Amino acid sequence: MDIPVVTPDQMYKLDQAMMNEFNIPSPVLMENAAKAVFNVLHETVKDLELRRLVVFVGPGKNGEDALVLARQLSIYYTNLLVIILPSVEDWRASTKLKINTLLDLEVIVEQNDIPELYPGDIVVDGIFGIGLSRPPTGIYAEAINSINQSSAFVISIDIPSGVNGKTGLCNGIAVDSDICVSFGLIKIGNLINDGYTHCDLLNHSFLNSPYNRAGLLHNVTNLYVNSPAELPLRCKVGFKNTFGKCLVVGGAANYHGAPLFSSSGFMRSGGGYVHLVSINEVVESIAARMPEPVFHPFTKNSEGTLPHNAIATIEQVGESQDIIIIGPGMGVSETTSTLLKNTLCSERLSRVPILVDGDGLSILAKDPAILHKREPYTTILTPHFGEMSRLTGLSIPDIQENQIDIVKDFSQQWKVYLVLKGPRSLITNGESVYINTSGTEALATAGSGDVLDGIIAAFLCAFSDKFIGLKTAVFLHGLIGNVLSESEASCCCTASDIIKAIPDAIIRLPQYTNNNKKRTLVSLPGIRFQM
């Protein structure tokens, strides 16, 4: 099932629906939220009774969640310290009531006094919630700095304090948490930008409430966590053409690796047959390492790239392929610009899916209007943030802040499938956007995106629903990063390592079983779920 992701405003409306439509009062939701954090602490920290628990309480509802948690903890643990950061005049009536309850239970409660934190401490971050839109200042900034400078184990309530729940950006400083326990539905800020880097593990709770009911979510969100689909059964009597035919167009003088990685990524991900159009020296280089492709070599022109007449071969070979990859390492020149335009505008290739990446995107950025020459949603673009900046004319910071809307609008405008590559890649068909949570910094290496192109091509051949194939391919590429980080240092990985790890990652994807059991919640890297 798709796991929805919402903005803070959408979350507030859903909270109101829980209270008004399902008669679940706010105190019950608050008790369930505190209990969710309590359970994570109990399950994660094995010697909790030997640790000091320091609960930081901020001014909003997160602060009240922290106070309820402190009461629940006080029943079982005595070494408990509660730090109230807001001034007395800023306390709500409900806040005062919860503080008085703690005092009645003889819990140590201190006001505006940040204690020294020790390595064995457990810190609960209940300072700010998902609605924060300003930089932390004063006593709040001091508390966050103290937490980050300590070696204590930190658990954040709903979102690391200081992170914007809508954009995932932090304006100034934010808590570095070991675990963040989010509630109801996952917020955008939990997953992207600084929200991702300030949290090692996201543990999500539905608060035993029907936040994810399809009817309730109708017209509320079109943003989801990317979950892998079950791989289609591989035909036992199939042959090479059964499993997909791909044409790769790329490579130039001094750029031999990109088309190799795309071709190899396609074959290692289940593709059956690959053709490669490139210049002679690239073909010779690749053939020495990967003899499987059918090669179509050309003499390079004065620019060191494919010549104009390569279009005839691209059309002749391409019209019988299941997908074409164009752009990896092909160079940016007058000739390659003409080749890309002629390929995208070719009537013979109008229904063949074409994936444009690398230099192809840089060329396309100069004249994106040629995308309208294509049949709708037969083109796949896979830009990173720099390439997306060139395609849209927007700055990278502007894209980071509004990336969800920007990718969706671009996809709708040009009728293309789009993958915005990054630590949390986005995948869209112009209607829905999916945030990918698999992957590690092991993938941050030259040629990684070229391998992804090959994986995407193979999965678009394997899946009858192209968008599901695209989403699953992006998930697999990220999963390879997780596999590599388990076995070796992330800084030591190359594109060749990514290709070698494809089979190990594929066997971790869900497969069809004989009884075809329905899956409800999936296991995703970096996210744990509880009801």
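Residues numbered from 1 in each chain as written. Predicted model: local features only at pLDDT ≥ 70, side-chain atom pairs only at ≥ 80, totals over all residues. Heavy atoms only, no water.

S.K.: Teacher, can you tell me more about the overall build of the protein here?
M.R.: Helix and strand counts for the protein come out as 20 helices and 20 strands. Along the first, second and third principal axes, the C-alpha atoms of the protein reach 85 × 50 × 40 Å. Within the protein, the proportion of its 531 residues that are buried is 59%. With the model as given, the accessible surface of the protein reaches about 21800 Å², and the carbon-plus-sulfur share is 50%. Side-chain charges of the protein comprise 40 positive and 53 negative groups, with the mean position of each set lying 8 Å from the other. (Helix = DSSP H or I, 4+ residues; strand = E, 2+ residues; numbered from the N terminus. Buried < 20%, exposed > 50% of the residue type's maximum accessible area, 1.4 Å probe, protein only. Areas by Shrake-Rupley, 256 points an atom, 1.4 Å probe, with all protein chains shown as cover. Lys, Arg positive; Asp, Glu negative; His and termini not counted. Charge placed at Lys NZ, Arg CZ, Asp CG, Glu CD.)

S.K.: Could you clarify how one ought to interpret empty space enclosed by the protein in this entry?
M.R.: The probe, sized like a water molecule, is rolled over the atoms to show the empty space still left. One pass over the full model with this rule turns up one cavity of 30 Å³ or more. The wall of the largest cavity is formed by V57, G58, P59, G60, G63, E64, I84, P86, D90, W91 and T95. (1 Å grid on protein atoms, 1.4 Å probe; cavity = no way out; pocket = protein on both sides within 12 Å on 5 of 7 lines; lining within 4 Å. Points joined across faces, edges and corners; volume = space filled by probe spheres on them.)

S.K.: Is there a simple way to explain the pairing of strand β13 (residues 294–298) in this structure?
M.R.: Taken residue by residue, a regular strand's side chains alternate between the two faces of the sheet. Two strands pair when backbone bridges link them, and strand β12 (residues 273–279) and β13 are joined in this way by five bridges, in the parallel orientation. Looking at β13, one finds that H275 is bridged to V294. Crossover connection from β12 via helix α10 (residues 280–289) to parallel β13: handedness right-handed. (Pairing = 2+ DSSP bridges. Right-handed = clockwise from strand over helix to strand, strands pointing away.)

S.K.: Hey, could you run me through the side chain of S425 in this one?
M.R.: Structurally, the position occupied by S425 is in the loop between β17 (417–420) and β18 (426–428). Take S425: its relative accessible area is 11%, and that puts it in the buried class. At a separation of 3.1 Å, a polar atom in the side chain of S425 contacts the main-chain amide nitrogen of G422. Leaving out residues up to four positions away in the same chain, S425 has contacts with L420, Y434, I435, N436 and V474. (Polar contact = N/O pair within 3.5 Å; in protein donor to acceptor, adjacent residues only side chain to side chain. Contact = heavy atoms within 4.5 Å.)

S.K.: Whenever I open this one, the sheet that holds β12 confuses me. Can you help?
M.R.: To summarise the sheet geometry, strands pair through backbone hydrogen bonds and adopt either a parallel or an antiparallel arrangement. Taken in spatial order, the 12 strands make up an open sheet running β8-β1-β10-β19-β18-β17-β16-β15-β14-β11-β12-β13, and their pairing is mixed. Edge strands, defined here as strands with exactly one partner in the open sheet, are β8 (186–187) and β13.

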